[in-house]
Amino acid sequence: MRHVLVLSICIVPLFSQSVSFSLDNDYVFDSDNGYTGGIQIGWMSDAYEAAIDNPYVSFLDNTVTTLFPLDKKGKHVNGSANLQEIIVTPSDTNAREPVYDDVPYIGALTANFSYFLWNTKAFEVYRVSVGTVGSYSGAEELQNGIHDLIGDGEAKGWDNQLGNYIVLQAGYQKGIREYEASFTENDSFEWFNSYFLDVGNMYTGIGAGSTIRYGHNVPKNFVKSGSLLNSSQNDLLNLDTYPYTWGWSVSTGVFVDAIGYFYLMEKAKDLGYDVDTKKMLTRGEFGIDLYQKNYRIALELFPVFLKS
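Predicted model only: the values in this text are computed from it and were never measured.

Relative to the 18 Å expected for 13 residues at 1.5 Å per residue, helix α1 (residues 55-67) spans 18 Å between its end C-alpha atoms, a close match to the ideal helical length. Of all the residues in α1, the buried ones are V57, L60, D61 and V64. Taken end-on, α1 shows its buried residues confined to a sector of 100°, consistent with a single buried face. Set apart from the buried face of α1 by more than 90 degrees, the exposed residues are P55, F59 and T66.

In this section: the side chain of Q161. Along the chain, Q161 turns up in the loop between α2 (139-150) and β7 (165-182). Q161 gets classed as buried once you look at its relative accessible area, which sits at 14%. Polar contacts involving the side chain of Q161 include one to the main-chain amide nitrogen of S135, which spans 3.5 Å. When residues no more than four places from it in sequence are discounted, the contact partners of Q161 are Y105, G107, G134, S135 and E140.

So, on to the environment of T252. As for its placement among the helices and strands, T252 is situated in strand β10 (residues 247-262). By relative accessible area, which is 38% here, T252 ends up partly exposed. Separated by 183 residues in the primary sequence, T252 and P69 place their C-alpha atoms 34 Å from one another. If we ignore the near neighbours within four places in the chain, the residues touching T252 are S210, T211, I212, E285 and F286.

A few words now on the nonpolar core. By size, the foremost hydrophobic cluster in this structure holds 22 residues, and its most contacted members are I106, V133, M202, F262 and L264. Going through the elements one at a time, β4 (76-89), β5 (106-118), β10 and α3 (263-270) are the ones with two or more residues in this core. The element best represented in this core is α3, accounting for 4 residues. Apart from the residues within four sequence positions on either side, M202 is in contact with A108, V133, V167, Q169, L229, Y261, F262, Y263 and L264. Core analysis: the next-biggest nonpolar cluster, separate from the first, contains 13 residues, W118, F123, F192 and V223 among them.

It is worth spelling out the packing of aromatic side chains at this point. Summed over all chains, the structure comprises 16 aromatic pairs. Measuring from ring centre to ring centre gives 5.8 Å for Y242 and Y291, while their planes differ by 40°; the resulting arrangement is tilted. With a gap of 49 residues between them, Y242 in the loop between β9 (203-216) and β10 and Y291 in strand β11 (residues 280-292) connect regions that are remote in the sequence. Of the two residues, Y242 and Y291, both sit in the buried class. Among the aromatic side chains, those forming a connected cluster through ring pairs are F68, Y115, Y126 and Y172. Against the face of F222 rests R177, its NZ or CZ located 4.7 Å from the ring centre.

The subject of this paragraph is the pairing of β10. Across 14 bridges, the pairing between β9 and β10 is antiparallel. By the bridge assignment, T211 is partnered in β10 with G253. In this structure, β10 lies alongside β11, joined through 12 bridges in antiparallel fashion. In the sheet register, T252 faces β11, and the bridge partner there is F286.

As a further point, take the confidence of the model for the protein chain. Overall, the predicted model of the protein chain reaches an average pLDDT of 88, with 92% of residues at or above 70. Contacts for the low-pLDDT stretch residues 27-33, under 50 throughout, to residues beyond four places or in other chains number 21 contacts.

Turning to the pattern of salt bridges, a few remarks are in order. Pairs can form between side chains of opposite charge whenever their charged atoms are close. Summed over the entire model, instances satisfying the criterion amount to 10 salt bridges. Linking K72 and D61 is a salt bridge whose minimum nitrogen-to-oxygen distance equals 3.0 Å. With K72 in the loop between α1 and β4 and D61 in helix α1, this pair connects stretches of sequence that are 11 residues apart. Taking the relative accessible area as the measure of exposure, K72 reaches 32% and is therefore partly exposed.

Rules behind the numbers
Residues numbered from 1 in each chain as written. Predicted model: local features only at pLDDT ≥ 70, side-chain atom pairs only at ≥ 80, totals over all residues. Heavy atoms only, no water. Helix = DSSP H or I, 4+ residues; strand = E, 2+ residues; numbered from the N terminus. Expected span 1.5 Å × (residues − 1). Buried < 20%, exposed > 50% of the residue type's maximum accessible area, 1.4 Å probe, protein only. Arc of directions from axis to C-beta. Polar contact = N/O pair within 3.5 Å; in protein donor to acceptor, adjacent residues only side chain to side chain. Contact = heavy atoms within 4.5 Å. Core = buried A, V, L, I, M, F, W, Y, C linked by side-chain atoms within 4.5 Å. Phe/Tyr/Trp six-rings, centres within 6.5 Å; stacked < 30°, edge-to-face > 60°. Lys NZ or Arg CZ within 6 Å of the ring centre and 35° of its normal. Pairing = 2+ DSSP bridges. pLDDT = per-residue confidence, 0-100. Salt bridge = Lys/Arg side-chain N within 4 Å of Asp/Glu carboxyl O.

Rendered as structure tokens:
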């Protein structure tokens, strides 16, 4: 997983709930080495208040606040749900037999349910994920469908993908707007830090990241961040209050993940693949965002530049 290019589109309808779509792929780098690509479709509720009847957000609110003693004073509550597919293939996608000196074919599909507690200075996310690894994920059909669209050849080794496996995950993330400054009435600079924890039978790890953003007519949201396998939808928070007709921003940052357990790689080793599981991973981020009233379009690059 050396480079990943992500295209994200977010729509904020008049009723203020957000719908998002993202497609990530390393085709632009002419490579199917390791992480190949994925897709994510998500929904974010409007800010929940006691007078608003939203059964899903109300259920999340009651469940999370029962489990954790949260201070909600002066904060907003949002709920989100999204489907995420990730695809891993070896470099040689023409080989029909297993390529044991590379990674196996892997498809993973998860449904993620998240509870956000936030104000304009910080946010917290509590997430539960359920899904499957294996043929039930539909990764083979998705990858070959995309390859048909871009005129690339069919990946021929999907008969060797990891077997079906039920995924159960839980996660927590906190993000902080550490600093902000305005240079003119509409130009701003911001610095964000984030911390995340994932526990589950597919991935367990902790991590942290730091990102800076400069822009013109930037909404009071947060830069997208997340752990190795789960990208948080914190960038959708507060978009319904965007007051401008248009705007733009650029961002860059760095994230460090400490990996405790990664089922996909451990299972590959058990099957005889010569994969070198890493305990530390440092990845970068560079993004360009365009805002046009009810729409947000983002292009993001996530290179992995240090492993140990």
